[in-house]
Structure formats: structure tokens, C-alpha cells
Amino acid sequence: MATTPASVAAEPGRADDGWAGFQATQRSALAALVAGDPEPFKALWDQTSQASLLGAFGGVAQGWDEVRDRLAAVAVFYRDGVYRRFEQLEERVHGDTAYTVHVEEIHSHAPDGEREVRERRVTKVCRRGESGWRIVHMHSDPLVTTAFPDRGHPTESPLGG
């Protein structure tokens, strides 16, 4: 699993407080998730009503019970999956809150046995509490090329690119 951190910013004068270790554990847990084992990744979540997941398979999971069930379903969907790309685009830590943005490419087998490649863009919000860093929110969706609909308007976007 290749990583390319673009930047890591922390509060000036503050020690790491376990963030680097949490990130390493998270990458290992993600590898286990796509191989079919959700338990290591589930252990990294804030297991309260504040947890939320907007996953790449659609829908909204709010609260730990829904997030836990969704992660278990995701692990069933993946079989023998591996990360071929994990590119950290942004990572910011400020006090007891952090966020990350990355793109990923996962190769796995679908339930019907077909080999699949999924590319995604992912944003996570994490919070440090008494038990260390935990994921509070994750949003993941398919990575697609930029394409603006043709509506009889100029094709140039005000957003650029």
C-alpha cells in the first residue's frame, strides 16, 4: 500500500500524541477490511451516536450501530482485496481534532467472484478522546473524472480544471 503524504500540519509546540501510530494502525485496519475482516477497522471508530459514515456503496449510516453494521456489510462485499494505491492528499491535526483526505484503489473479488477495481476519494474526521484517536466521520465515493454536464453553457467551470 503506497502512501504519499502531501502535508501534515500539527498545532505548534504540541507532541504527536499518538496520531502517527493511529494513522499506521488505520492503514493496516483498512487492509484487513478489504481482505474481509472488519474488526480492526471497527475498533478505530468512535462508538457513539456521533459516528457517521457516507460510504461509497451509498446511503447514510448514523450512530455507531448503523456504522458498525455497514462496515460488516462492506467486509462481506470485499474478498481477498488489496490496496494497490493509497495516496494521502491532505492531513491536518489541530488539538483534539484531525482530518484526512486520500484517494485509494482497491482490487478485490465481488460476491459473484468477478475481479473488481474500485477507485475512491475519501475524507475522514477524527477526534482524540480518553481512549486515543477515533474516526468520527467518513465520506467515500467513486473517483471519477471531472465532467460538467452540457447544458448549452460554456464548458469552462468557475472552479477551474
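Residues numbered from 1 in each chain as written. Predicted model: local features only at pLDDT ≥ 70, side-chain atom pairs only at ≥ 80, totals over all residues. Heavy atoms only, no water.

A.B. asks: Residue-level account of the environment of A31, with values.
C.D. replies: Looking at where A31 falls in the secondary structure, it is placed in helix α1 (residues 19-34). Placed 51 residues apart in sequence, A31 and V82 show a C-alpha to C-alpha distance of 6.3 Å. (Helix = DSSP H or I, 4+ residues; strand = E, 2+ residues; numbered from the N terminus.)

A.B. asks: Quick rundown of the pattern of salt bridges? Include the residues and the values.
C.D. replies: Under the defined criterion, the tally for this structure stands at 10 salt bridges. The shortest N-O distance in the salt bridge between D17 and R128 comes to 3.3 Å. Here R128 lies in strand β6 (residues 115-129) and D17 lies in the loop between β1 (8-9) and α1, a separation of 111 residues in the sequence. By relative accessible area, D17 is classed as partly exposed at 36%. Classification of R128 as buried rests on a relative accessible area of 15%. What emerges from the salt-bridge pattern is a single network uniting D17, D96 and R128. (Salt bridge = Lys/Arg side-chain N within 4 Å of Asp/Glu carboxyl O. Buried < 20%, exposed > 50% of the residue type's maximum accessible area, 1.4 Å probe, protein only.)

A.B. asks: Please provide a residue-by-residue account of α1, values included.
C.D. replies: A turn of α-helix holds 3.6 residues, and therefore any two residues three or four places apart point the same way. With 16 residues, α1 ought to run about 22 Å at 1.5 Å a step, and its terminal C-alpha atoms sit 23 Å apart, in line with that. The inward-facing, buried residues of α1 abut α2 (39-42), α3 (64-77), β4 (82-94), β5 (97-109), β6 and β7 (132-142). (Expected span 1.5 Å × (residues − 1). Contact = heavy atoms within 4.5 Å.)

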